[in-house]
Amino acid sequence: MEFVLLGSALLIALVVLWPALRSDNDEQWIFSEEDTPAGRLSTRREVLVGNIADLDFEFAMGKLAEPDYLSLRDNLKRQTLKVMEQLEVIESRDHTNAPPESEPATAPATAFCSACGASLPPRAAFCPSCGSAVGS
Amino acid sequence: MLLADIGNFALIVAFVLAFFSIAASLLGAHRLDPRLLAVGERSVHGVTLLVLVATLATWGLILNDNFGIDYVAGHSNAAMPLHYKIGALWAGQDGSLLLWTLVLVGFASAAVFTQRKKHNRLMPYAIAVMMGTTAFFLYLNNFRANPFDGLMGITQSGQEAPWAPADGRGLNPLLQHWAMVIHPPILYVGYIGFIVPFAFCIAALWTRQLGSSWVSTVRRFTLVSWIFLGIGILLGGKWAYMELGWGGYWAWDPVENASLMPWLTGTAFLHSVIVQEKRGMLKVWNVSLISLTYLLSILGTFLTRSGVVSSVHSFAQSNIGGDFAFFLIASTVLCTALIVWRLPFLRSEGRLDSMISRESGFLFNNLLLLAAALSVLFGTVFPIFSELITGRNVSVGQAYFNRIEIPLGLALLFLTGAGPLLAYRKTSKSSLRKNFTMPVAVAIVSAPLFFVGSQAMFDEAPGVWAMISLVLCLFVTMTIVQEFHKGTAARIRKHGENYLTAMVNLTRRNNRRYGGYVVHFGIVLIFLGITGQAFTRETRGVIGVGEEMRVGQYELRIDEITQRENANYWSGQLEVAVSRGGQEVFRLQPEKRFYFASEQPSSEVAIARQLREDLYLVYAGLNEDQTKAVVQAYVNPLVAWVWIGGAVMILGTAICLLPALRSRREDQATSPDRELLEVR
């Protein structure tokens, strides 16, 4: 019985540790889209567009006077356009910086955190050491 | 004892693996090493698998009548039917704590499985919080309340040796009821589900990612937990109503209160996160609310199990109160410190444009819900502090709760109707007039009708609170009808759909909003049911066969008193003919049982259920000379609407959880086409 239980424990350990034990696993940390400045702006844009849709709907339901509606919508529209402009800047910068597909990728230059000086992984949006936003 | 060995092995390995998962996740996050993070995530699933094995082992021991195990001997016996044997897992301390751990790790695995890609930065910290809590519960499962402990006896030579009685003591008779078989697992899903939003909240605080992202991620988990907690509370009420035999379903018992408190703060959170998602406001409030909800869930467990307050749940008491108190205090201190530390990152992105807006409506609703939760908390823990300070255990009693919670509840009911009529950001006076006129007018005009109608139906005019409640129920219903109608009309104008299609599409495309209104209607029905208590009638009679007694509009006549016996219990039963206005309308069979294994009595009440009122009969036993039956009879008006309201709430929540259909225009609007932002 003890041997069966011990064997089970070893099997569990092997399954759990497998990602770290695999010699061919050279997976790199990739920030999810929401962790990038572009991702955050994109989320913000969706929220603002949703707010405009809500506002339109509430006006159609008769919950807002027309002058209030127009001024609130104008305000939201300006905020949305500003976010979209910022997004466009980031996207065009990313596009300009991206290497041509045929060119072999070169190792990126090591970047350092401006707040604490720790080295940063490629495409990092935050410093893994102190949490400061990169570029802030 | 093979199953016990397997169970013990699974529990101890799970305990070690929980710590390993925390270490791998935190180290992986520090080094940004995906391999270590994957190890941390796999460990979570490993813990889940092991706890599942331990749970199945416990069930195996119960189903095999393995009375050499202390827990099995104490909570099961050979004569018990299968469904009660399954329910025996959560009938006592050790087993129910194991179920608690199983639900906890189930949620942790679900969160890891569904959110690992989207939130890889928050996930390691969320895992650390979830596995930290799991480790605490596994510590209890392993060392303080182990369901695999064997029974020991003394041999003739005076030596201690494993011992098994011929039969177990059986399930507590009060728990031998269908609602009690499903009430604890459902309630646990409710309580424990709040661990996921709490874990993401702590992760967001730690990583300073305090925007709306974590909030929208945890919304579904919060909603699922919230509705399960709500169903659990209602099932608990249903059990109390049918099994405890005192005629009601809610008595402000400390354990009822313990489940109500996180439900109230969870309700507040569900509303205030909308403001954070849409406006980037109330960030401090939201992290505090979800932390409070989680801590109140732990407090609920502490109150149920510690025995510090007397309760109908005394069957689950033991000596683990100190462990829970330590965990609760440590969690509170850490949580508070983290929130205070991160205050500079929790600044609001917007401001309140007007006091007459949906946002301010949410804020008032939050304040009222929090006041309700804290006043219930005060009343619940008062006996603990009174004993500490004065040495006497003084409880505040139902009058305290009714005096405070009834006005708060009615104010909340008013906001349930008024809030949706307000627009986000700003509502003009003319819009207010336009939107409030119809519901308010209908509610006011109907007030005299309620007065006359109550007298005709229940032989009694409503009191002030009952009257206010009935009028508000109608007011809220009218606001909901108006919201659906106006939204549908707006769709018809725009898309030319027929009324039904327009209403269905309106709901599918705004499912959170309109699902929420359906939940509100469920709340209205529950309030209606609760209001019925104001008209309750109660009579106690000692009557023999052929004799009659009266309660409300009903005449009761006992036709027969019988006795029977089976392997599980002895039972005495009445055959009661119920007449109204001289016509027989029901035949009811209230029963009194005596369970052999546990040597405890139990009342099986008989209820004639109608939408208008329940007739509720309790057979309290024979009188002193054993010739007549003692019958307690109640007429409980409108109580069915409490359960119907619960079902409507489930329907509304299901609508909220459906994936929303997006309109083509919305899809286009999220594309970077500036033309779409023009006013149409």
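Cut-offs used in this document
Each chain has its residues counted from 1, following the order in which its sequence is written. Ligands are numbered from 1 and chains lettered from A, in the order in which they are written. Per-residue local features of the predicted model are confined to residues with pLDDT of at least 70, and side-chain atom pairs are confined, for both listing and counting, to 80 or more; whole-chain, interface and lining totals are unaffected and use all residues. As a convention, hydrogens and water are excluded, and side-chain values are obtained from all of the structure's heavy atoms. Counting from the N terminus, the helices are DSSP H or I runs at least four residues long and the strands are E runs at least two residues long. Accessible area is worked out with a 1.4 Å probe on protein chains only. A residue is then buried under 20% of its type maximum, exposed over 50%, and partly exposed in between. Contacts are assigned to residue pairs that have any heavy atoms within 4.5 Å of one another. All accessible-area figures derive from a Shrake-Rupley calculation using a 1.4 Å probe, and residue coverage is judged against the displayed protein chains alone. Between N-to-C directions, angles span 0 to 180 degrees; the directions come from axes that are lines fitted to C-alpha atoms, helices contributing only their stretch in contact. For this classification, under 35 degrees means roughly parallel, over 145 means roughly antiparallel, 65 to 115 means roughly perpendicular, and everything else is oblique. Take the far helix as the reference: if the near one is turned anticlockwise from it by less than a right angle, the crossing is left-handed, and if turned clockwise, right-handed. Throughout, the ten residues Ala, Val, Leu, Ile, Met, Phe, Trp, Tyr, Cys and Pro are labelled nonpolar, Asp, Glu, Lys and Arg are labelled charged, and all others, Gly among them, are labelled polar. N or O atoms closer than or at 3.5 Å make up a polar contact, with two conditions inside protein: a donor-capable atom paired with an acceptor-capable one, and, for residues adjacent in sequence, both atoms drawn from side chains. Summary of the metric used: pLDDT quantifies the predictor's per-residue confidence within the range 0 to 100. To count toward a patch, a residue needs a relative accessible area over 30% and no salt bridge; like charges are then connected within 9 Å, while nonpolar side chains (Val, Leu, Ile, Met, Phe, Trp, Tyr) are connected within 5 Å. Salt bridges are counted wherever a side-chain nitrogen of Lys or Arg sits within 4 Å of a carboxyl oxygen of Asp or Glu. In this scheme, strands are said to pair when DSSP sees at least two bridges between them. As defined here, a cavity is a set of points on a 1 Å grid over the protein atoms alone where a 1.4 Å probe fits but cannot get out. A pocket is an open set with protein on both sides within 12 Å along at least five of seven lines, and residues line them when an atom is within 4 Å of a point. Grid points are joined across faces, edges and corners, and a volume is the space filled by probe spheres set on the points. Take the residue count of a helix, subtract one, and multiply by 1.5 Å to get its expected span. Bend at a residue means the angle formed by two fitted axes: the first through the 7 residues ending at that position, the second through the 7 residues beginning there.

## Let's talk about the overall build of chain A
- A count of helical and extended segments in chain A gives 3 helices and 2 strands.
- Each helix (α) and strand (β) of chain A, taken in turn from the N terminus, gives the series α-α-α-β-β.
- Classification of the 136 residues of chain A by burial places 36% in the buried group.
- When contacts within chain A are restricted to residue pairs at least 6 apart in sequence, those whose partners lie at least 24 apart make up 39%.
- Only carbon and sulfur atoms are counted for the fraction: they give 59% of the accessible area of chain A, which is about 8,300 Å².

## With respect to the packing of helix α7 (residues 178-193) of chain B against helix α9 (residues 213-244) of chain B
All names here are of chain B.
- Axis separation between α7 and α9 bottoms out at 7 Å; the angle between their running directions is 150 degrees. Taken as axis vectors, α7 and α9 run roughly antiparallel relative to one another. The handedness of the crossing between α7 and α9 is left-handed. Residue-level inspection shows Trp 178, Ala 179, Met 180, Ile 182, His 183, Ile 186, Leu 187, Val 189, Gly 190, Tyr 191 and Gly 193 of α7 in contact with α9, the latter providing Ser 225, Phe 228, Leu 229, Ile 231, Gly 232, Ile 233, Leu 235, Gly 236, Lys 238, Trp 239 and Met 242.
- Its residues assigned to classes, the contact of α7 with α9 shows 15 nonpolar, 6 polar and 1 charged.

## Focus on the packing of helix α16 (residues 464-495) of chain B against helix α18 (residues 511-531) of chain B
All names here are of chain B.
- With their axes 10 Å apart at the nearest point, α16 and α18 run at an angle of 160 degrees to one another. Between α16 and α18, the angle falls in the class roughly antiparallel. Crossing of α16 against α18: the hand is left-handed. Between α16 and α18, the residues in contact are Ala 466, Ser 469, Leu 470, Cys 473, Val 476, Thr 477, Ile 480, Glu 483, Phe 484 and Gly 487 and Tyr 514, Tyr 517, Val 518, His 520, Phe 521, Val 524, Phe 527, Leu 528 and Thr 531, respectively.
- Partitioning the contact of α16 with α18 into residue classes produces 13 nonpolar, 5 polar and 1 charged.

## Here's the deal with the side chain of Thr265(B)
Residue and element names in this part refer to chain B.
- Along the chain, the position of Thr 265 falls in helix α10 (residues 254-279).
- For Thr 265, a relative accessible area of 0% gives the class buried.
- For Thr 265, the side chain forms a polar contact with the side chain of Thr 293, separated by 2.9 Å.
- Residues contacting Thr 265, with those up to four places away along its chain left out, are Leu 289, Leu 292, Thr 293, Leu 296, Leu 370 and Ala 373.

## Here we look at the confidence of the model for chain A
- Averaged over every residue, the pLDDT of chain A is 74; residues scoring 70 or more account for 60%.
- Note that residues 100-109 of chain A has pLDDT below 50 and, in this model, 1 contact with residues that lie over four places away or in other chains.

## A look at a nonpolar patch on the surface
- Taken together, the side chains of Leu11(A), Leu14(A), Val15(A), Trp18(A) and Leu21(A) define a hydrophobic patch exposed on the protein surface, amounting to about 500 Å² of accessible area.
- Note that Val15(A) resides in helix α1 (residues 2-21).

## A few points about the pairing of strand β7 (residues 583-588) of chain B
- Note that strand β6 (residues 569-580) of chain B and β7(B) share 5 bridges and pair antiparallel. Within the sheet, the bridge partner assigned to Val576(B) lies in β7(B) and is Leu588(B).

## Some words on the confidence of the model for chain B
Residue and element names in this part refer to chain B.
- Mean pLDDT for chain B: 88, with 95% of residues reaching 70 or above.
- Low pLDDT, under 50, characterises residues 666-680; the predicted model gives this stretch 31 contacts beyond four residues in sequence or across chains.
- Note on the complex model: pTM 0.87, ipTM 0.73.

## Considering empty space enclosed by the protein
Residue and element names in this part refer to chain B.
- A full pass over the atoms with the stated rule returns 4 cavities of 30 Å³ or more.
- Counted as a void, the second largest cavity has a volume near 80 Å³.
- Along the walls of the second largest cavity sit Met 457, Phe 458, Asp 459, Phe 535, Arg 537, Gly 552, Gln 553, Tyr 554, Glu 613, Val 635 and Pro 637, which together make up its complete lining.
- Of all the elements in the fold, those that place two or more residues in the lining of the second largest cavity are α15 (429-458) and β12 (629-637).

## Describing the sheet that holds strand β3 (residues 537-543) of chain B
Residue and element names in this part refer to chain B.
- A sheet is described by the order of its strands in space; here 4 strands give the open sequence β3-β12-β11-β10, paired in antiparallel fashion. With partners counted over all chains shown, the strands left at the sheet margins are β3 and β10 (606-608), one partner each. Within the sheet, the average angular offset between the axes of one strand and its neighbour, ignoring direction, is 20 degrees.
- Bridging between β10 and strand β11 (residues 613-622) involves 3 bridges; their strand directions are antiparallel. Within β11, the position partnered with Ala 606 by the bridge is Leu 617.
- Sitting on the sheet, α9 is in contact with β10, β11 and β12, with an inclination near 45 degrees to β11.

## Looking at helix α6 (residues 123-144) of chain B
- For α6(B), which comprises 22 residues, the first-to-last C-alpha distance of 30 Å matches the rise-based estimate of 32 Å (1.5 Å per residue) to within 8%.
- Within α6(B), 18 of the 22 residues are buried, which leaves the element mostly enclosed by the surrounding structure.

## Section: the side chain of Thr133(B)
- Mapping Thr133(B) onto the fold places it in helix α6.
- Beyond its immediate stretch of four places on either side in the chain, Thr133(B) contacts Leu104(B), Ile195(B), Tyr294(B) and Phe327(B).

## Overview of the pairing of strand β8 (residues 591-595) of chain B
Residue and element names in this part refer to chain B.
- Along β8, the buried face is formed by Glu 591, Arg 593 and Tyr 595; none of Lys 592 and Phe 594, which line the opposite face, is buried.
- Examined bridge by bridge, β6 and β8 share 5 bridges and lie antiparallel to one another. Residue pairing across strands places Ser 571 opposite Arg 593, the latter belonging to β8.
- Across 5 bridges, β8 lies against strand β9 (residues 600-604) in antiparallel orientation. Bridged to Glu 591 within β9 is Glu 604.
- In this antiparallel pair of consecutive strands, β8 and β9, the connection spans 4 residues, and Glu 599 shows a positive phi of 55 degrees.

## Some words on helix α14 (residues 397-418) of chain B
Residues and elements named next belong to chain B.
- Over its 22 residues, α14 runs 32 Å from end to end, which matches the ideal 32 Å to within 8%, given 1.5 Å per residue.
- Its maximal kink placed at Glu 405, α14 deviates by approximately 30 degrees, while the proline Pro 407 follows within four residues.
- Within the span of α14, buried status applies to Tyr 400, Phe 401, Glu 405, Leu 408, Gly 409, Leu 410, Leu 412, Leu 413, Leu 415, Thr 416, Gly 417 and Ala 418.
- Buried positions along α14 lie against α10, α13 (358-390), α15, α16 and α18.

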